[in-house]
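Structure assessment
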Amino acid sequence: MIKVAINGFGTIGKRVADAVAAQPDMEVIGVSKTSVSAEAYIAKQRGYPLYIADLGKKPAFEKAGIEVAGDVEAMLKVADIVVDATPGGVGEKNRPLYERLGKKAIFQGGEGHEVAGFSFNAHANYKEAEGHQFARVVSCNSTGLIRIIHAMDQAFGVGRVRAVMVRRAADPSDVKRGPVDAIVLNPATIPSHHGPDVNTVLPQINIVTLAMIVPTTFMHMHVIQMDLKKETTREEVLKVFENHSRIGLVRKATGIKSNAELREYTQDLGRPRTDLWENGVFEESVSVLDGKEFYCFQAIHQEADVVPENVDCIRALMGTVKDPKESIRMTNEALGFVAIG
Ligand SMILES: NC(=O)C1=CN([C@@H]2O[C@H](COP(=O)(O)OP(=O)(O)OC[C@H]3O[C@@H](n4cnc5c(N)ncnc54)[C@H](OP(=O)(O)O)[C@@H]3O)[C@@H](O)[C@H]2O)C=CC1
Ligand SMILES: O=C(OP(=O)(O)O)[C@H](O)COP(=O)(O)O
């Protein structure tokens, strides 16, 4: 069993913890927080030993009826690998600790590529993880882009990509963030950071991305155009998506044309926390013009798509499963995850 520590039990960390706990070859040896809040009670309810960044706060946890197993360093000492899901920028500060203790670590997309020196996506570069101490699972938007670009590149060859990200403003519980009534260019400069981030995993792809933020909390929406090297048809492209274990098709017959309806759908499907782990490509939008010009819309659930990638990244760094297809199969099966469509 791979002993996994989750440093940062928030939006991403709590999901990764549950996904790790579901795997046959992994166990959660501890999760961490800095303060008493609802997620501390969830850790207790799930039975995950809770560690804290600053032992000086132990009395506050105990007063709330939450047992503290120790500090973060104590958690790391009993782990084989740590998934760092602390807020962006904190992972970089944690890196020296992981180095000192000689622990493998996985960082998230809020950290720069250089923090790990290796950025990861299971379908695209699983095997390259071997021998690394550190890896970074790219951000939610980049994960969604890499999945679809890599699949299209394998099938038809991708010449260039142009994409617009319509990004959710905040996660559902993030009550202090906005905007409430605006469409914000974020950034107003072109390209946005997403294209260069895709290049950390797929360096050969010519990609330019633009991004804005809108007042929603559930999912980003991507507008994607790719020039293909080989002529194809809409039907052939749909077959590629149908055969991909982490690309789902939002079928025309569902009538779904928005993030809100897609949320209702994942909820009704019984997905834990309403999570859409896969890309949600809108079937109706899939278009091929003149044989080589591809277009589509895809929905990306920001809280969810990086979760199975973190699980595969654990096996890739630990070197316990060499074949990416086998790891992806194991992860999906343990989660009960079959892509929609
Ligand atoms: N949310 C999203 O949509 C996505 C986020 N990411 C990336 O994932 C990472 C985590 O983001 P997210 O889950 O949203 O963040 P959250 O703020 O939801 O969670 C962060 C967690 O880290 C804990 N924490 C903070 N500081 C420390 C510390 N020094 N030591 C240990 N634990 C600490 C917090 O505990 P406490 O609350 O007690 O302080 C909290 O549990 C970021 O890099 C982000 O960019 C990637 C894809 C999507
Ligand atoms: O990593 C994310 O987005 P990104 O791919 O746009 O960088 C997550 O949605 C978190 O983004 P946030 O910085 O808006 O919370």
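Residues numbered from 1 in each chain as written. Chains lettered and ligands numbered in written order. Predicted model: local features only at pLDDT ≥ 70, side-chain atom pairs only at ≥ 80, totals over all residues. Heavy atoms only, no water.

A look at the sheet that holds strand β8 (residues 134-137)
Note the following rule: Two strands pair if DSSP finds at least two bridges between them. Strands here are runs of E lasting at least two residues and helices are runs of H or I lasting at least four, both read from the DSSP assignment and numbered beginning at the N terminus.
Here eight strands make up an open sheet; going across it, the order is β4-β3-β2-β1-β5-β6-β8-β7 and the pairing parallel. Across the chains shown, the open sheet's two edge strands, defined by having one partner strand only, are β4 (70-71) and β7 (119-120). Bridging between strand β6 (residues 104-107) and β8 involves three bridges; their strand directions are parallel. Its bridge partner lying in β8, phenylalanine 107 is registered against arginine 136.

Considerations on the site of ligand 2
Using the following cut-off: Here a residue counts as near a molecule or strand whenever at least one of its heavy atoms sits within 4 Å of it. By the criterion applied in these results, polar contacts are pairs of N or O atoms within 3.5 Å in which, for protein atoms, one can donate a hydrogen and the other can accept it, and in which residues neighboring in sequence qualify only through two side-chain atoms. Reported accessibility uses the Shrake-Rupley method at a 1.4 Å probe radius. Residues are deemed covered only where the shown protein chains occlude them. Put plainly, a pocket is an open set of points on a 1 Å grid over the protein atoms alone with protein on both sides within 12 Å along at least five of seven lines, a cavity is a set where a 1.4 Å probe fits but cannot get out, and a lining residue has an atom within 4 Å of a point. Criterion for pocket placement: a molecule counts as inside a cavity or pocket if more than half of its atoms are within 2 Å of its grid points.
Ligand 2 sits among Ser139, Cys140, Asn141, Arg167, Arg168, Arg177, His193, His194, His220 and Gln302. At a separation of 2.8 Å, an oxygen atom of ligand 2 approaches a polar side-chain atom of arginine 167. A distance of 3.1 Å separates an oxygen atom of ligand 2 from a polar atom in the side chain of histidine 220. Taken by itself ligand 2 offers 390 Å² of open surface, and the protein chains cover 73% of this. Its atoms largely coinciding with the cavity grid, ligand 2 occupies the largest pocket. Mapped by element, the contributors of at least two residues to the shell around ligand 2 are α8 (140-156) and β9 (158-168).

Focus: the UniProt feature "binding site: D-glyceraldehyde 3-phosphate" (unreviewed entry) in the chain
Just so we agree on the cut-off: UniProt positions are given in the numbering used here, feature names are shortened, and annotations may be inferred rather than shown by experiment. Here a residue-residue contact requires only that any non-hydrogen atoms of the pair lie within 4.5 Å.
Those residues carrying the UniProt feature "binding site: D-glyceraldehyde 3-phosphate" (unreviewed entry) are Ser139, Cys140, Asn141, His194 and Gly195 in this numbering. On the basis of their most widely separated C-alpha atoms, the annotated residues across 57 residues gather in one place, lying no more than 12.8 Å apart. As for the largest pocket, its lining draws on Ser139, Cys140, Asn141 and His194 from among the annotated residues. Within the secondary structure, serine 139 sits in the loop between β8 and α8. Each residue touching serine 139, except ones within four places of it in the same chain, is listed here: Gly109, Asp197 and Val306.

Considerations on the site of ligand 1
We apply this condition: The nonpolar class holds Ala, Val, Leu, Ile, Met, Phe, Trp, Tyr, Cys and Pro. Asp, Glu, Lys and Arg form the charged class, and all remaining residues, Gly among them, are polar. Residue ranges assigned to each domain were obtained from an automatic or database domain assignment.
Around ligand 1, the surrounding shell holds 22 residues, and the nearest of these are Ile12, Lys33, Thr34, Ser35 and Asp171. At 3.2 Å from an oxygen atom of ligand 1 is found a main-chain nitrogen or oxygen belonging to glycine 10. One of the side-chain N or O atoms of lysine 33 is found 2.7 Å from an oxygen atom in ligand 1. If you map ligand 1 onto the pockets, it falls in the largest pocket. Going through the elements one at a time, α1 (11-21) and β2 (26-33) are the ones with two or more residues in the shell around ligand 1. Looking at the shell around ligand 1 residue by residue, the classes come out as seven nonpolar, 12 polar and three charged. Split by domain, the residues of the shell around ligand 1 number at least three in each of domain 1 (2-138 + 306-335) and domain 2 (140-300).

Examining the domain arrangement of the chain
Let me state the cut-off plainly: Note on terms: buried area is the combined drop in 1.4 Å-probe accessible area of two parts once they are placed together, counting the loss on both. Every case where a carboxyl oxygen of Asp or Glu lies within 4 Å of a side-chain nitrogen of Lys or Arg is listed as a salt bridge.
Along its sequence, the chain is carved into domain 1 (2-138 + 306-335) and domain 2 (140-300). Centre-to-centre, using C-alpha coordinates, domain 1 lies 26 Å away from domain 2. Residue-level contacts link 24 residues of domain 1 with 17 residues of domain 2. With both sides pooled, the region where domain 1 packs onto domain 2 buries about 1,800 Å², and carbon together with sulfur makes up 51% of that total. When the area that domain 1 buries against domain 2 is broken down by residue, the three leading residues are Arg15, His123 and Val138, summing to 31%. In this assembly, domain 1 and domain 2 are joined by six salt bridges. In this structure, glutamate 309 engages arginine 246 in a salt bridge whose closest nitrogen and oxygen atoms are separated by 3.4 Å. Listing elements by their share of the side of domain 1 that touches domain 2, those giving two or more residues are α1, β7, α7 (122-125), α12 (306-318) and α13 (324-335). Classifying every residue of the side of domain 1 that touches domain 2 by side-chain character gives nine nonpolar, eight polar and seven charged.

Regarding the UniProt feature "binding site: NAD(+)" (unreviewed entry) in the chain
Under the feature "binding site: NAD(+)" (unreviewed entry), the UniProt entry names Thr11, Ile12, Gly110, Arg168 and Gln302. Of the annotated set, the members that line the largest pocket are Thr11, Ile12, Gly110, Arg168 and Gln302. As for its placement among the helices and strands, threonine 11 is situated in helix α1. With near-sequence residues (within four places) excluded, threonine 11 lies in contact with Glu39, Asp171 and Glu303. Its place among the elements puts glycine 110 in the loop between β6 and α6 (113-116). Those residues in contact with glycine 110 that sit more than four places away from it in its chain are Gly88 and Gly89.

Some thoughts on helix α2 (residues 38-46)
An α-helical segment advances 3.6 residues per turn. Residues three or four places apart therefore align on the same side. The condition that has to hold: When a residue's accessible area, from a 1.4 Å probe over protein chains only, is under 20% of the maximum for its type it is buried; when over 50% it is exposed; and in between it is partly exposed. In this context, the arc is that of the directions from the helix axis out to the C-beta atoms.
When α2 is considered as a whole, its buried residues turn out to be Glu39, Ala40 and Ala43. One side of α2 carries all its buried residues, which in axial view fall inside an arc of 110°. Those residues of α2 that are exposed and aimed more than 90 degrees away from the buried face are Ala38, Lys44 and Gln45. At the exit of α2 stands glycine 47, carrying a positive phi of roughly 85°.

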